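Given next are the chains, with one letter for each unit.
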Amino acid sequence: MKNLKTILFILTLTAVTACSSRYNYILDPTPLVKGKTAYSVKSVKVTIVQSGIKLNKDAEVKGYLSEADMGKAFQEKIINELKNNNILEAGKNAGYNLSITINYKRSFAVNSNQVIHPDFSYEWVIEKDNKSIASFKSGAMTMSGLSLAAEFARTGRSDINPQAEFEYIEKISKTIVEKDIIDIGK
């Protein structure tokens, strides 16, 4: 009987944990409605880490976007994705504001100034009236496998030029909006 109660307790705890949200809702119940609440983009900050054998210690590599420029590019694409999904709230009096931080890692090919793939993670906070409503922090992700195969099929080479980063910015922005932002709320 005691073992049965223990098993039931563990199963209940597992079910509750499995059903809990991956988002951190500061207000309970959350005022956010999945797929309905509209957001404005308050800020997008990008931190770039670069790795590779030939890479010098300069913060910027010729031809590739700086952190500030990449932040602007991400902000533009994220706004477009919010608009495409009908959850963009424009204007100065926006109710829910998104602040997004993206950690972007460029991995350079050996003896090259060509990027072989980006790795990334991101986090966001939703605020209303300068008070946090919800937050999320992703795990580390990579675009290496499919992107290298696609690049090879398209160009016959497996290294990626600086212009290809705009494709990654678009794909990552779409991931942030369609995997997370659109899914926030009850």
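Treat the numbers as computed from the prediction; the structure is a model and nothing was measured.

*Asks:* Which residues make up the environment of phenylalanine 108, and what are the values?
*Replies:* Along the chain, the position of phenylalanine 108 falls in strand S3 (residues 97–108). The spacing of phenylalanine 108 and glutamine 50 is 58 residues in sequence and 7.4 Å in space, taken between C-alpha atoms.

*Asks:* Can you tell me about the nonpolar core, naming the residues and giving the values?
*Replies:* In this structure, Leu32, Tyr39, Trp124, Ile126, Ile181 and Ile184 are the most contacted members of the largest nonpolar core, which totals 34 residues. Sorting the residues of this core by element identifies strand S2 (40–51), helix H2 (67–84), S3, strand S4 (115–128), strand S5 (131–137) and helix H4 (165–180) as the ones contributing at least two each. Residues in contact with tyrosine 39, not counting those within four places in the same chain, are Leu32, Leu82, Ile87, Leu88, Glu89, Tyr96, Leu98, Ile126, Ile181 and Ile184.

*Asks:* I'd love a proper account of H2, names of residues and values included.
*Replies:* Every α-helix carries 3.6 residues per turn, so stepping three or four residues along brings you back to the same face. For H2, built from 18 residues, the straight-helix expectation of 26 Å at 1.5 Å per residue is met to within 8% by its first-to-last C-alpha distance of 25 Å. Taken together, the buried positions of H2 are occupied by Met70, Gly71, Ala73, Phe74, Ile78, Glu81 and Leu82. Among the structural elements, S2, S3 and H4 are those in contact with the buried residues of H2. Looking one or two residues past H2, asparagine 86 carries a phi angle of roughly 55°, positive in sign.

*Asks:* If you had to explain the packing of H2 against H4 to someone new, which residues and values would you point to?
*Replies:* The contact between H2 and H4 brings their axes to 9 Å, and the two run at 45°. Here H4 runs oblique to H2, going by the angle between their axes. Between H2 and H4 lies a crossing whose hand is right-handed. Residues Met70, Ala73, Phe74, Lys77, Ile78, Glu81 and Leu82 of H2 touch H4, and the partners they reach there are Glu165, Ile169, Glu170, Ile172, Ser173, Lys174, Ile176, Val177 and Glu178. Split by residue class, the contact of H2 with H4 holds nine nonpolar, one polar and six charged.

*Asks:* Describe the confidence of the model for the protein, naming the residues involved and giving the relevant values.
*Replies:* Overall, the predicted model of the protein reaches an average pLDDT of 78, with 71% of residues at or above 70. Looking at the elements of the protein, mean pLDDT is at its lowest for helix H1 (residues 2–19), recorded as 44, and at its highest for H2, recorded as 95. Below pLDDT 50 for its whole length, residues 5–20 participates in zero contacts with residues either more than four positions away or in separate chains.

*Asks:* So what's going on with unusual backbone geometry? Residues and values would help.
*Replies:* In this structure, proline 29 follows aspartate 28 across a cis peptide bond, with omega equal to 0°. Here proline 29 lies in the loop between strand S1 (24–25) and S2. One non-glycine residue, asparagine 86, lies in positive phi territory at about 55°. Structurally, asparagine 86 is set in the loop between H2 and S3. Although it is not a glycine, aspartate 129 sits at a positive phi angle of roughly 55°. Tracing the backbone through its elements, the reader meets aspartate 129 in the loop between S4 and S5.

Quick notes on the rules
- Residues numbered from 1 in each chain as written.
- Predicted model: local features only at pLDDT ≥ 70, side-chain atom pairs only at ≥ 80, totals over all residues.
- Heavy atoms only, no water.
- Helix = DSSP H or I, 4+ residues; strand = E, 2+ residues; numbered from the N terminus.
- Core = buried A, V, L, I, M, F, W, Y, C linked by side-chain atoms within 4.5 Å.
- Buried < 20%, exposed > 50% of the residue type's maximum accessible area, 1.4 Å probe, protein only.
- Contact = heavy atoms within 4.5 Å.
- Expected span 1.5 Å × (residues − 1).
- Axes fitted to C-alpha atoms, helices over the stretch in contact; angles between N-to-C directions.
- Parallel < 35°, antiparallel > 145°, perpendicular 65-115°, else oblique.
- Left-handed = near helix turned anticlockwise from the far one by under 90°.
- Nonpolar A, V, L, I, M, F, W, Y, C, P; charged D, E, K, R; others polar.
- pLDDT = per-residue confidence, 0-100.

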